[in-house]
Amino acid sequence: MTGTAVQGTETPGALPAHPLEPATAAEYLAGRDILAAAGLLTEPVRFAYYGLEEPTKDEVLAGRGAAGRVMGGQPPDRRLRAFLINLDTGESSDVVVSVTQRQVVSVRRLDPVTDGQLPIIETDFAVVEEVCRADPDWRAAMARRGLTDLTKVRHCPITAGVFGVADDDRRRMVRILAFVQAREHDLAWAHPVDGITAYVDLIEKKVFKIVDEFELPVPAESGDYDDPAVRGPERTTLRPIEITQPEGPSFTLDGHSLRWQDWSMRIGFDAREGLTLHQISWTSGGRERPVIYRASIPEMVVPYGDPRFRHWQSYFDAGEYLVGKWANSLEFGCDCLGEIAYLDATVTDDAGQPRVIKNAICIHEEDFGILWKHTDIFNGSAQSRRQRRLVVSFFATVGNYDYGFYWYFYLDGTIECEIKMTGVLFTAAHPGGDHPHSTEVAPGLGAPAHQHLFSARLDMSVDGPPNAVEEVDVSGLPIGPDNPYGNAMVQQVTRLTRESQAGRRADGSRGRTWRVINTERANRFGHAVGYTLYPEPAPSLLHDPAAPLYRRAGFATNHLWVTRYDPAQRFSAGDFVNQHPGGAGLPAFIAGDRDIDGTDIVVWHTFGPTHFPRPEDWPVMPVARCGFTLKPTGFFDRNPTLDVPPPAGHCHQD
Ligand SMILES: [Cu+2]
């Protein structure tokens, strides 16, 4: 590889201020030089992933790796991890390099049979267009459908999965679904070419199979929502909303260290995971109380529910496509309102060259309605307080969909994660009439049903270690001697003590929640301090347990998993996801059935909707939301917001 597209401004030897500081452009370049010197970057080797190899929790908490905080004679060590692929041979490796020690720390060659393939890279998109356009059988199949100019056909590369077909599984491959973009500004998703798919070998760079199952007309109605003829005249009835904070925001951002009211945390960003939050703590009365050591959404899967020739359609947007790499540069006034602080994110291209995504992370605070309010009938007190939240977010576009990842921190200690799903539905032709797996959203245009299943990894540290998890259900009790009128209601609390016992599903009918407690710290009532995870009741993975995806997306088969902390266990579906045969990630993590009662634990939460599209989701989808909430439960001795004053100059004070 040649050329240096972006030069880091930092000197490679300069140590970051904190061991969890995101990797810098200079570090990426330094790591690249070390890999090249070791002979690992011969042409045509490309980076399928390149990111910070974070120090372990022990190392961070011991102060190792932090400049100026070197302990025990240990030098700080900054490491990067690279997934390298040779585009001619397919040879793939997982490499760790120390920028500090200027050496390659480890090289592991991948075996595609057991490890699968490295993630899709940007180059693959161009390869797919080229080989499909050149393939005579594909051209002939398109011509039969009246499509003779393949410059007007978009070829969408979809990760292949594993379905036990030997000739497919041994290859690095994608499957192609085609869309017509007859005019430059047409929305291609409005014009799917259904019934046919090409299987492309990305190493041989050829179409090796075409499945041509049926023909349906390419839907004709324009979906170009930028076109006034489609959109109609813009409404003129919305008056401006301006959000101003004349004295500035209440948070402070020092590098990647963020403080707001009693909250503090560090912000990180990774090409694969996107936003990562570290060392989330609450400090009051001079005492810093950890809540979560690290929070992220390291995986998500979007399985589709059409059993015909496109049964294989499912994406792992993080593990297969690296959702963080597709982060948007956010625009003030459009994407974010108010007093905004932005952070850039530095990722790399296929050549390992740094690419800065300007304004990738948005930080601001929002008014969030009433915090608490009461008008007392006896003492006449009439009080109202405003709730606020600190918002840390980013947005990524992965193909047709756009995902906003939002973390909210509230004055009362509540933490929320919310995903905003928008963009354009993935479409097919609609056969007409009632079709059980697809909704007609425009004439002849279908949107197949699918799920969006996200996996949150919450490395909990509620008031520090040790932690444990209790499952809390609520129920009424039958009439009996202690409950003569049948009104009794109780909580049923079950301690999850081993990993094998902690694969759980949400149950709205029981109001099921999971409480993470500190087993050594009590509140003033003698009860363990805790934080409760409130899930949204929605189905987990709907695939049959015998379906191939069920093994590959094992994490999505439960809403809750609890594991003992292991620094190597970071990705819910395993380190390598693309064409992985399955069984990796959470099901493998719990195979040792470790004790999780009163130790250092990680809580993993699967959430997200099953999406039967509505006509209103077309041609661009209003944001749909999903997420979860973490609320302090006996973490404080009383409402921690009594000291919040009423807004100055507005409310009367008694
Ligand atoms: Cu959807």
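What this report covers is the structure whose coordinates are included nearby.

What counts, and where the lines are drawn
- Residues numbered from 1 in each chain as written.
- Predicted model: local features only at pLDDT ≥ 70, side-chain atom pairs only at ≥ 80, totals over all residues.
- Heavy atoms only, no water.
- Helix = DSSP H or I, 4+ residues; strand = E, 2+ residues; numbered from the N terminus.
- Rg over C-alpha atoms; globule rule 2.2 N^0.38 Å.
- Buried < 20%, exposed > 50% of the residue type's maximum accessible area, 1.4 Å probe, protein only.
- Contact = heavy atoms within 4.5 Å.
- Areas by Shrake-Rupley, 256 points an atom, 1.4 Å probe, with all protein chains shown as cover.
- Lys, Arg positive; Asp, Glu negative; His and termini not counted.
- Charge placed at Lys NZ, Arg CZ, Asp CG, Glu CD.
- Pairing = 2+ DSSP bridges.
- Axes fitted to C-alpha atoms, helices over the stretch in contact; angles between N-to-C directions.
- Core = buried A, V, L, I, M, F, W, Y, C linked by side-chain atoms within 4.5 Å.
- 1 Å grid on protein atoms, 1.4 Å probe; cavity = no way out; pocket = protein on both sides within 12 Å on 5 of 7 lines; lining within 4 Å.
- Points joined across faces, edges and corners; volume = space filled by probe spheres on them.
- Nonpolar A, V, L, I, M, F, W, Y, C, P; charged D, E, K, R; others polar.
- Salt bridge = Lys/Arg side-chain N within 4 Å of Asp/Glu carboxyl O.
- Polar contact = N/O pair within 3.5 Å; in protein donor to acceptor, adjacent residues only side chain to side chain.
- Patch = residues over 30% accessible without salt bridge, like charges linked within 9 Å, V, L, I, M, F, W, Y side chains within 5 Å.
- Phe/Tyr/Trp six-rings, centres within 6.5 Å; stacked < 30°, edge-to-face > 60°.
- Donors = N, O, S within 2.8 Å, 3.2 Å for Na, K, Ca; no water.
- Tetrahedral: all angles 85-135°; square planar, octahedral: opposite > 155°, others 65-115°.
- Arc of directions from axis to C-beta.

### What about the overall build of the chain?
Argument step 1. Looking only at helices and strands, one finds 9 helices and 32 strands in the chain.
Argument step 2. Expected size for 654 residues packed as a compact globule is a radius of gyration near 26 Å; at 26 Å, the chain falls within 12% of this value.
Argument step 3. Burial status across the chain gives 54% buried among its 654 residues.
Argument step 4. Within the chain, contacts between residues separated by at least 24 positions form 66% of all contacts whose residues are at least 6 apart in sequence.
Argument step 5. Carbon and sulfur atoms make up 51% of the accessible area of the chain, which amounts to about 27,900 Å² in all.
Argument step 6. Placing the 64 positive and 87 negative side-chain charges of the chain at their respective mean positions leaves the two points 2 Å apart.

### Here's the deal with the sheet that holds strand E25 (residues 467-476)
Argument step 1. The strand order across the open sheet built from 10 strands is E15-E16-E17-E18-E19-E32-E28-E27-E25-E26, with neighbouring strands paired in antiparallel fashion. Two strands bound the open sheet, and with one partner strand each, they are strand E15 (341-348) and strand E26 (489-496). Across the sheet, the axes of successive neighbouring strands diverge by a mean angle of 25°, strand direction being ignored.
Argument step 2. With 10 bridges joining them, strand E17 (residues 382-398) and strand E18 (residues 401-410) adopt antiparallel strand pairing. Each residue of the ladder has a partner; that of Val 392, found in E18, is Trp 407.

### Brief notes about the nonpolar core
Argument step 1. In terms of nonpolar packing, the biggest core is built from 129 residues, with Trp 263, Leu 277, Trp 407, Ile 415, Phe 454 and Trp 618 touching the most fellow members.
Argument step 2. With 7 residues, strand E6 (residues 173-180) is the largest single contributor of residues to this core.

### As for empty space enclosed by the protein
Argument step 1. Enumeration over the complete set of coordinates arrives at 5 cavities of 30 Å³ or more.
Argument step 2. Around the largest cavity, the lining comprises 19 residues; the ones closest to its centre are Leu 52, Glu 54, Asp 270, Glu 273 and Arg 294.
Argument step 3. If you list the elements that add at least two residues to the lining of the largest cavity, you get strand E1 (45-53), strand E11 (263-270) and strand E12 (274-284).
Argument step 4. The element best represented in the lining of the largest cavity is E1, accounting for 4 residues.
Argument step 5. Looking at the lining of the largest cavity residue by residue, the class counts come to 8 nonpolar, 4 polar and 7 charged.
Argument step 6. Within this model, the second largest cavity holds a volume of roughly 50 Å³.
Argument step 7. Around the second largest cavity, the lining residues are Phe 47, Ala 48, Tyr 49, Tyr 50, Ala 271, Leu 322, Lys 325, Thr 348 and Asp 349.
Argument step 8. Here the lining of the second largest cavity takes 4 residues from E1, the largest share from any one element.
Argument step 9. By residue class, the composition of the lining of the second largest cavity is 6 nonpolar, 1 polar and 2 charged.

### Observations regarding the pattern of salt bridges
Argument step 1. In this structure the tally under the stated criterion is 50 salt bridges.
Argument step 2. A salt bridge links Arg 512 to Asp 473; the nearest nitrogen and oxygen atoms lie 2.8 Å apart. Taken together, the residues span a long stretch of sequence, with Arg 512 in the loop between E26 and strand E27 (513-522) and Asp 473 in strand E25 at a distance of 39 residues.
Argument step 3. Overall, Asp 473 belongs to the buried group, its relative accessible area being 6%.

### Here's the deal with the side chain of Thr 532
Argument step 1. With respect to the helices, strands and loops of the structure, Thr 532 is situated in strand E28 (residues 528-534).
Argument step 2. At a separation of 2.6 Å, a polar atom in the side chain of Thr 532 contacts the side chain of Thr 633.
Argument step 3. In this structure Thr 532 touches Thr 513, Trp 514, Arg 515, Thr 629, Leu 630, Lys 631 and Thr 633, once residues within four positions along its chain are discounted.

### Observations concerning a nonpolar patch on the surface
Argument step 1. Residues Ile 241, Ile 243 and Leu 337 make up a contiguous nonpolar surface patch of roughly 300 Å² in combined accessible area.
Argument step 2. Locating Ile 243 in the fold gives a position in the loop between helix H7 (228-231) and strand E9 (251-254).

### Observations concerning the packing of aromatic side chains
Argument step 1. Taken as a whole, this structure holds 33 aromatic pairs when the rule is applied.
Argument step 2. Between the aromatic rings of Phe 395 and Tyr 406, the centroid separation amounts to 6.3 Å while the plane-to-plane angle is 85°, which identifies the pairing as edge-to-face. In this pair, Phe 395 is assigned in strand E17 and Tyr 406 in strand E18, connecting sequence segments 11 residues apart. Comparing Phe 395 with Tyr 406, the two get one shared label, buried.
Argument step 3. Between the aromatic rings of Tyr 531 and Phe 635, the centroid separation amounts to 5.1 Å while the plane-to-plane angle is 70°, which identifies the pairing as edge-to-face. Of this pair, Tyr 531 sits in strand E28 while Phe 635 sits in the segment after strand E32 (621-633), and the two are 104 residues apart along the sequence.

### Some remarks on the coordination of the copper ion
When a metal carries six donors in an octahedron, the ideal angles between them are 90 or 180 degrees, while four donors in a tetrahedron ideally lie at 109.5 degrees.
Argument step 1. The coordination sphere of the copper ion contains the protein donors Tyr 401 (OH), His 450 (NE2), His 452 (NE2) and His 611 (ND1), at a distance range of 1.9 to 2.0 Å.
Argument step 2. Here the copper ion is ringed by 4 donor atoms whose angles at the metal span 98 to 139°, and the overall shape comes out irregular.
Argument step 3. The sequence pattern formed by the donor residues of the copper ion is Y-x48-H-x1-H-x158-H. Separated by 159 residues along the polypeptide, His 452 in the loop between strand E23 (450-451) and strand E24 (453-460) and His 611 in strand E31 (residues 610-611) bring together distant segments of the chain.
Argument step 4. Residue classification places His 452 among the buried positions, given a relative accessible area of 1%.

### A word on helix H5 (residues 136-144)
Argument step 1. Along H5, the residues that are buried comprise Trp 138, Ala 141 and Met 142. On an axial view of H5, the arc spanned by its buried residues comes to 100°, and they lie on one face. Among the exposed residues of H5, those oriented more than 90 degrees off its buried face are Pro 136, Asp 137 and Arg 144.
Argument step 2. Taken together, the buried residues of H5 touch helix H4 (122-134), strand E5 (153-159), E6, strand E7 (192-201) and strand E8 (206-212).
Argument step 3. Once H5 finishes, Gly 146 follows within two positions and takes phi at roughly 85°, a positive value.

### Some thoughts on the sheet that holds E1
Argument step 1. Here 4 strands make up an open sheet; going across it, the order is E1-E2-E3-E4 and the pairing antiparallel. What marks the edges here is a single partner per strand, and that holds for E1 and strand E4 (103-109). With strand direction ignored, the average angle separating the axes of adjacent strands in the sheet is 20°.
Argument step 2. Inspection of the sheet shows strand E3 (residues 92-98) paired to E4 by 6 bridges, in the antiparallel sense. If you follow Val 96 over to E4, its bridge partner there is Ser 106.
Argument step 3. Along the sheet, helix H1 (residues 25-37) makes contact with E1, strand E2 (79-86), E3 and E4, crossing E1 at roughly 125°.

### Here's the deal with the layout of surface pockets
Argument step 1. Put simply, the largest pocket is a space of about 1,200 Å³.
Argument step 2. Lining the largest pocket are 45 residues, and of these Gln 245, Glu 365, Glu 366, Asp 367 and Arg 388 sit closest to its centre.
Argument step 3. At the level of secondary structure, the elements contributing two or more residues to the lining of the largest pocket comprise E12, strand E16 (354-375), E17 and E18.
Argument step 4. No other element matches the 6 residues that E17 contributes to the lining of the largest pocket.
Argument step 5. Contributing to the lining of the second largest pocket are 31 residues, with Phe 125, Cys 156, Trp 189, Gly 399 and Asn 400 lying nearest its centre.
Argument step 6. For the lining of the second largest pocket, the secondary-structure elements that each account for two or more residues are H4, E5, E17 and E18.
Argument step 7. Per element, the largest residue contribution to the lining of the second largest pocket is 5 residues, and it comes from E5.
Argument step 8. Residue classes in the lining of the second largest pocket are distributed as 18 nonpolar, 7 polar and 6 charged.

Nothing here speaks to function; it is geometry throughout.
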